[in-house]
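# Summary of structural features
Each chain, written out:
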Amino acid sequence: MAQFWTPERLRNAKPADLPAADPAKVREPGPAVAAGPTGRVQPQKAPPAARGESGGGSGPGFGATAAPWYGSTTSPPATTSGRVFFTNSSGVGYSCSGSTVNSDGKNLVFTAGHCVNPGNGGQWHSNWVFIPRYNNGNAPYGVWSARQLWSWTSWTQNGNRAYDFGAAVLNTNGSGQRVVNVVGGQGIEWNYPLVQFIYQFGYPVNTPFNGGSLQYCTGNTFNDGGFVGINCNMTEGASGGPWLDEFGGTYGYLDSVNSWVFWNANGVRYKWNGPYFGNEVRDLYNTIKNL
């Protein structure tokens, strides 16, 4: 699969996103919040950086305007975040964002559900790869292919946006290494408060971005009809990017993912929604954590 993604195919991949999220459009009701006890999985630290790359950006761009990630490029979240590439049932190439998550198997990437399956009974995506620390076409930590894709049937069969989260179980690389042991893995949590301060990451592709670098926003999430909302101007292509709670500069706890974006009458993107991470995420994680 890694050989499939030539530089030309990477450049031509389209951002994979849900249909237009018009605020006036009727949406599915959000899920019940905190339907069970809270739970967490701790992050796994990455090995010492083996490359002498310099940090990117000039400083934090707090708030609703996305900015290039300003921290180290050889440690999380730069190494745990990455671009996802796949083809749909028609063979068209698309891209999303995603993040490694710590597990016993050390092979997991979490992303949006529509980044593994189009929903509503569609076929699973193919030629699925994750490129951690993607940087303008470069893959300093390699290209990692998926051997299994997972999501809830409420998404894959019914397209219910409350279940728009998914995961990939990755193959080892050519040296037999597991991705989390190479780049680190973020923690994950479920049934935590819907309203909290988070860091939101992704690789937006549409203007004014180009998908070449990791971007981030920060802010307080809010209850948006039972979904998690955050103000941020990232554009399409950021789908599947991680929302990290209790983020300390390198690691945090995956609390949601970019699911769909809203825009105003002038086409300006201003807000994202994500699915609430409750018992369903817990059950998905526990099903695949040893794979």
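Below: a short report on this structure.

The rules behind the values
Residues numbered from 1 in each chain as written. Predicted model: local features only at pLDDT ≥ 70, side-chain atom pairs only at ≥ 80, totals over all residues. Heavy atoms only, no water. Phe/Tyr/Trp six-rings, centres within 6.5 Å; stacked < 30°, edge-to-face > 60°. Buried < 20%, exposed > 50% of the residue type's maximum accessible area, 1.4 Å probe, protein only. Disulfide = S-S within 2.5 Å. Helix = DSSP H or I, 4+ residues; strand = E, 2+ residues; numbered from the N terminus.

### Observations concerning the packing of aromatic side chains
If you walk through the whole model with that rule in mind, you get 20 aromatic pairs. An angle of 45 degrees between the planes, with centres 4.7 Å apart, marks the rings of Trp-69 and Tyr-70 as tilted. On the basis of relative accessible area, Trp-69 is assigned to the buried category, the value being 8%. Ring geometry for Trp-69 versus Phe-201: centroids 5.5 Å apart, planes at 70 degrees, classification edge-to-face.

### Quick look at the state of the cysteines
By the definition in use, this model includes two disulfides. A sulfur-sulfur distance of 2.1 Å marks the disulfide that ties Cys-96 to Cys-115. Judged by the sign of its S-S torsion, about -80 degrees, the cystine formed by Cys-96 and Cys-115 is left-handed. Here Cys-96, found in strand β5 (residues 93-101), pairs with Cys-115, found in the loop between β6 (108-111) and β7 (126-132); they are 19 residues apart in sequence, far enough to count as distant. Assigned by exposure class, Cys-96 and Cys-115 land together as buried. The disulfide partner of Cys-217 is Cys-232, and the gap between their sulfur atoms is 2.1 Å. A torsion of 70 degrees about the S-S bond marks the disulfide between Cys-217 and Cys-232 as right-handed. With a gap of 15 residues between them, Cys-217 in strand β12 (residues 215-220) and Cys-232 in the loop between β14 (227-231) and β15 (242-245) connect regions that are remote in the sequence. On the basis of relative accessible area, Cys-217 is assigned to the buried category, the value being 0%. The exposure class assigned to Cys-232 is buried, which follows from its relative accessible area of 0%.

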